[in-house]
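Secondary and tertiary structure notes
These are the residues of each chain, in order.
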Amino acid sequence: MKLTSFDPSNQQALGRVAVATSEQVHQCVQTAKVYQQQWRQLPMADRVEIVHKAFMSVSPYSDELAVLLSKEMGKDIDRSTSEVRGAIFAGSHFAKEAGAALSPRADGSNISYRPLGVCAVISPWNYPLAMAVNLIVPALIAGNTVVFKPSEQTPLIAEKFVAYLNEHLPSNLLTIIHGDEEVGAKLVEHEDVALVAFTGSQAVGKKIMKTAAASLKRLVMELGGNDPMIVLKDADLDAAARFAVASSFENAGQMCTSTERIYVEKSVAQTFTDKVVAIASYYQTGCWDEPNAHIGPIVSQKQVTKIIDHMEDAKAKGAQVLLGGSVQHGNFFSPTVLTQLTPNMLMEREETFGPIVAIAEVDSVAEAIMRANDSDYGLGAVVFGQAQARDVANQLEAGMIGINKGPGGGGASPWVGAKQSGLGFHGGVDGHRQFAQVTVVG
Ligand code: NAD
């Protein structure tokens, strides 16, 4: 059976890949299991060198990969170029960073980091390279082999990237298989998969956890978010409005840490909202290669339907739409600003994943904090303000909290979700070590 990949801007078929049968999933895991016994014997320095070099070798293909990424996922060429280059850099950089984190400790302790075995990496479509690389690299450096299943929405870019990597990696170290949830589930339930490293939705994360429970597989799960932003009355309102629009519209709103809901203190709400509308009005939708197109297509009809449902629900419950609010054509959704967001709306409760700035005016800082925290999600959160900003940030229930900037520290900070936005995490010394078995000898 074949899986066809479509350009979300015009629904034209871009190419096809073979869907893995149950037998092929089994074979891939078995082969990865056999090769893992060799890979784990290599000294850490050799593993790092091999993975680092493989990523560097992809560099000459950056432009070609960026075009394919844009066509398949819909983001503009600048964003695709930075994702491709970022993935190459992250791969080569994390190889070294993870190598240091997973090497025998120099502190005289009796702790070491042993490989787990075969790792399943399952990734989403919104950052199809970045999300995969973040998990594949620490898994390999830890001495595991990887069977990678990318999203069924973006199989071609994953296939191409892995093919270039595999020109320089030993055979059977990194294997790619394709398919939808059925193939993903087959991989997760395979008895020889020791670790499932997953980035995707909360709903699928729960299914994976249930399946993995049968053999208590190790899990690293980076899940969905519904990120709040709080705007305090002493905030720089120009900066806050710029951030609110850019973050809500980033990747057409299809980013796990996009701003999904904004709580602004009443005394500055009107000024802030006016600024947001003025900035948002400059944004235009368009295809990846159109200049001045800031917002690409929504990846699939399923996602478009979800955004429409959230909009209709919000309007029925009293939201005021100040800009946009509907599908323009095909998968293109207008840049949207709405106010009077309330806690009973789907848009406040769930991840909408569309280009929408959703604003609620609050009577007090306490109300803003209460509503920000009244959620199962806890990925990122943002506070704009001065005197109280840090105090407010300290009360927010999220894994990554930005003060007057976006969440996520970058550098050697972990990428981590709190509450139901994640289980385990990656990045940084502690993140890399989750791809190994901590072992105490002596
Ligand atoms: P998704 O959960 O629908 O799918 C993700 C992957 O899981 C796909 O490859 C899919 O085929 C696979 N899958 C589906 N059902 C499965 C099952 N039962 N068993 C095993 N695999 C299965 O997510 P999506 O729509 O591709 O991506 C968007 C979601 O990802 C959003 O919720 C977003 O917030 C989240 N995300 C989170 C982060 C983060 O770092 N926390 C980053 C990017 C995206």
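Calculation criteria
- Residues numbered from 1 in each chain as written.
- Predicted model: local features only at pLDDT ≥ 70, side-chain atom pairs only at ≥ 80, totals over all residues.
- Heavy atoms only, no water.
- UniProt positions renumbered as here; feature names shortened; annotations may be inferred.
- Helix = DSSP H or I, 4+ residues; strand = E, 2+ residues; numbered from the N terminus.
- Expected span 1.5 Å × (residues − 1).
- Buried < 20%, exposed > 50% of the residue type's maximum accessible area, 1.4 Å probe, protein only.
- Pairing = 2+ DSSP bridges.
- Right-handed = clockwise from strand over helix to strand, strands pointing away.
- Contact = heavy atoms within 4.5 Å.
- Axes fitted to C-alpha atoms, helices over the stretch in contact; angles between N-to-C directions.
- Core = buried A, V, L, I, M, F, W, Y, C linked by side-chain atoms within 4.5 Å.
- Near = heavy atom within 4 Å.
- Polar contact = N/O pair within 3.5 Å; in protein donor to acceptor, adjacent residues only side chain to side chain.
- Areas by Shrake-Rupley, 256 points an atom, 1.4 Å probe, with all protein chains shown as cover.
- Parallel < 35°, antiparallel > 145°, perpendicular 65-115°, else oblique.
- Nonpolar A, V, L, I, M, F, W, Y, C, P; charged D, E, K, R; others polar.
- Salt bridge = Lys/Arg side-chain N within 4 Å of Asp/Glu carboxyl O.

Under an unreviewed UniProt entry, the name given to the protein is Aldehyde dehydrogenase, and the organism recorded is Thalassotalea euphylliae. Of the protein, the UniProt comment under Sequence similarities (unreviewed entry) reads exactly: "Belongs to the aldehyde dehydrogenase family."

Quick look at helix α5 (residues 130-141) now. Counted at 1.5 Å a residue, the expected span for α5 with its 12 residues is 16 Å, and the 17 Å between its end C-alpha atoms agrees. In terms of residue burial, α5 counts as a mostly covered element, since 12 of its 12 residues are buried. What α5 keeps buried is the set Ala130, Met131, Ala132, Val133, Asn134, Leu135, Ile136, Val137, Pro138, Ala139, Leu140 and Ile141.

As a further point, take the pairing of strand β17 (residues 400-403). Going residue by residue along β17, you find Met400 and Gly402 tucked away on one face and Ile401 and Ile403 left uncovered on the opposite face. In this sheet, β17 lies alongside strand β16 (residues 380-384) in parallel orientation, the contact comprising four bridges. Directly across from Val383, in β17, lies its bridge partner Ile403. With helix α14 (residues 389-394) bridging β16 and its parallel neighbour β17, the resulting β-α-β unit is right-handed.

A few words on the sheet that holds strand β18 (residues 422-423). Reading across the sheet, the six strands line up as β6-β5-β4-β7-β8-β18 and stay open at both edges, with mixed pairing between neighbours. Across the chains shown, the open sheet's two edge strands, defined by having one partner strand only, are β6 (174-176) and β18. Sheet topology note: the strand β4 (residues 118-122)/strand β7 (residues 193-199) ladder contains five bridges and is parallel. By the bridge assignment, Cys119 is partnered in β7 with Leu195. Its contacts with the sheet place helix α6 (residues 155-166) against β5 (145-149) and β6, and it is angled at close to 155° to β6.

Among the nonpolar cores identified, the biggest contains 79 residues, and Ile141, Val146, Phe148, Phe161 and Leu187 are the most heavily contacted of them. If we ignore the near neighbours within four places in the chain, the residues touching Ile141 are Met44, Arg47, Val48, Val51, Ala95, Ala98, Gly99 and Leu102.

The full set close to the ligand counts 31 residues, and Glu152, Ser201, Leu223, Glu351 and Trp415 are the nearest of them. The contact in question runs from an oxygen atom of the ligand to an N or O atom on the side chain of Trp125, over 2.9 Å. Contact between the ligand and Ala185: a nitrogen atom at 3.5 Å from a main-chain N or O atom of the residue. Considering the ligand on its own, with 850 Å² of exposed area, one finds that the protein chains cover 92% of that surface.

Two elements in contact, helix α2 (residues 44-56) and α5, have axes separated by 9 Å at closest approach and are oriented at 150°. When the axes of α2 and α5 are compared, the pair comes out roughly antiparallel. Taken together, the residues of α5 that come into contact with α2 (itself represented by Met44, Arg47, Val48, Val51 and Phe55) are Val133, Val137, Leu140 and Ile141. Taken together, the residues of the contact of α2 with α5 sort by class into eight nonpolar, no polar and one charged.

Quick look at the sheet that holds strand β11 (residues 320-323) now. Remark on secondary structure: sheet strands pair via backbone hydrogen bonds, oriented parallel or antiparallel. Strands sit in the order β11-β14-β15-β10-β9-β16-β17 across an open sheet of seven strands; the sheet is mixed. Pairing within the sheet leaves two strands with one partner each, and these edge strands are β11 and β17. Averaged over all pairs of adjacent strands, the angle between their axes in this sheet comes to 20°, without regard to strand direction. The sheet contacts of helix α10 (residues 266-280) involve β9 (227-231), β10 (259-265), β11, β14 (336-339) and β15 (356-362), and relative to β10 the element is tilted by about 140°.

Below, the discussion takes up the pattern of salt bridges. Applying the stated rule across the entire model yields 19 salt bridges. Salt-bridge contacts for Asp192 lead to Lys33; the nearest nitrogen and oxygen are separated by 3.3 Å. Linking Asp192 in the loop between α7 (181-189) and β7 with Lys33 in helix α1 (residues 22-39), this pair joins segments that are 159 residues apart in sequence. Judged by its relative accessible area of 18%, Asp192 is buried. Lys33 gets classed as partly exposed once you look at its relative accessible area, which sits at 39%. Of the charged contacts in the structure, one is a salt bridge between Lys275 and Asp238, with a shortest N-O distance of 2.9 Å. In this pair, Lys275 sits in helix α10 while Asp238 sits in helix α9 (residues 237-249), placing the two residues 37 residues apart along the sequence. According to the relative accessible area criterion, Lys275 is partly exposed, its value standing at 25%.

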